[in-house]
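What follows is each chain in one-letter form.
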Amino acid sequence: MESSLCEGSRDAGLRLIETLFWDGRAAPRWPLHLARLTRSARALGWSFTPPAPPSGPGHPARLRLTLDAAGTILQEVHPLPAAKPEWVLGLAEQRLSSGDPWLLHKSTRRALHDAARAALPPAWDEAIFLNQRDEVCEGSITNLFFDRGAGLRTPPLTSGLLPGVLRQEIGCPEEVLLAGDLPKVRLWVGNALRGLIPARLADQATG
């Protein structure tokens, strides 16, 4: 286990998180969520017995599952977020470190992501993080996808980002994207809850 993971794995209140789309009958991406949850629990050295598939209401919803160090899983049911045909993106002020092992695990240890989301200007739907090398990483709640004209691509894990469930499902090639190239490519963001969403950069002059 990475030393920083080892040091933080027993932090009080630390939870692993999975946010699932429930279609009214099942969670279609549950196997991918379970695989990621299992990998992260093992990386943290937590005892973990894989649970049965989740259940939910008779209508589409957002399911939030959390796992703690004792192996306790809690499930919450929430309404689905409102859908938009296109998201407006801006750059987060904070930078991620490409070597931070916590970025590979979806957990409650996400202060930078939460702060960036809380500070979104009214015209933005998502804040995109860069790393110390000016490489594009991810959004506050999404992975980023792009096309230079040769097909869909996504930044590599080595840039510093979460291995998202939708990202894994799509399985497109990885490619480094520099901040300066953002205005030159077609953009999408997405996650397991919302799917793939067309996106564009905000006018930086107006915020």
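These notes cover the structure that comes with them.

**With respect to the nonpolar core**
Link 1 in the chain: Of all hydrophobic cores here, the largest spans 18 residues; its most connected members are Leu16, Trp46 and Leu67.
Link 2 in the chain: Looking at this core, the elements with two or more residues in it are β1 (16–22), α2 (30–44) and β2 (61–67).
Link 3 in the chain: Apart from residues no more than four positions distant in its own chain, Leu16 is found in contact with Leu37, Ser40, Ala41, Leu44, Trp46, Leu65, Thr66, Leu67, His105, Lys106 and Ser107.
Link 4 in the chain: Grouped together as the second largest cluster of nonpolar side chains are 15 residues, Trp87, Leu130, Val136 and Val185 included.

**Points about the pairing of strand β5 (residues 126–131)**
Link 1 in the chain: Taking burial as the measure, the six residues of β5 include six buried ones, the bulk of the element.
Link 2 in the chain: Judged by which residues are buried, β5 turns out to be covered on both faces: Glu126, Ile128 and Leu130 on one side and Ala127, Phe129 and Asn131 on the other are all buried.
Link 3 in the chain: Direction of pairing for strand β4 (residues 87–96) relative to β5: parallel, over a ladder of five bridges. Note that in β5 the partner of Arg95 across the bridge is Leu130.
Link 4 in the chain: The β-α-β motif built from β4, the intervening helix α3 (residues 111–118) and the parallel element β5 has right-handed crossover chirality.
Link 5 in the chain: Where β5 meets strand β6 (residues 136–139), two bridges bridge the pair, whose relative direction is antiparallel. Each residue of the ladder has a partner; that of Ile128, found in β6, is Gly139.
Link 6 in the chain: The loop that links β5 with its antiparallel partner β6 comprises four residues; one of these, Asp134, has a positive phi angle of about 65°.

**Quick notes on the side chain of Glu126**
Link 1 in the chain: You can see Glu126 is positioned in strand β5.
Link 2 in the chain: The exposure class assigned to Glu126 is buried, which follows from its relative accessible area of 0%.
Link 3 in the chain: A distance of 2.5 Å separates polar atoms of two side chains, one belonging to Glu126 and the other to Ser140.
Link 4 in the chain: Within the structure, Glu126 has its side chain in polar contact with the side chain of Thr142 (distance 2.8 Å).
Link 5 in the chain: For Glu126, the contacting residues outside a window of four places in its chain are Trp87, Val88, Leu89, Gly90, Arg117, Leu120, Gly139, Ser140, Ile141 and Thr142.

Definitions and limits used
Residues numbered from 1 in each chain as written. Predicted model: local features only at pLDDT ≥ 70, side-chain atom pairs only at ≥ 80, totals over all residues. Heavy atoms only, no water. Core = buried A, V, L, I, M, F, W, Y, C linked by side-chain atoms within 4.5 Å. Buried < 20%, exposed > 50% of the residue type's maximum accessible area, 1.4 Å probe, protein only. Helix = DSSP H or I, 4+ residues; strand = E, 2+ residues; numbered from the N terminus. Contact = heavy atoms within 4.5 Å. Pairing = 2+ DSSP bridges. Right-handed = clockwise from strand over helix to strand, strands pointing away. Polar contact = N/O pair within 3.5 Å; in protein donor to acceptor, adjacent residues only side chain to side chain.

Such coordinate-based values are descriptive only and should not be taken to indicate function.
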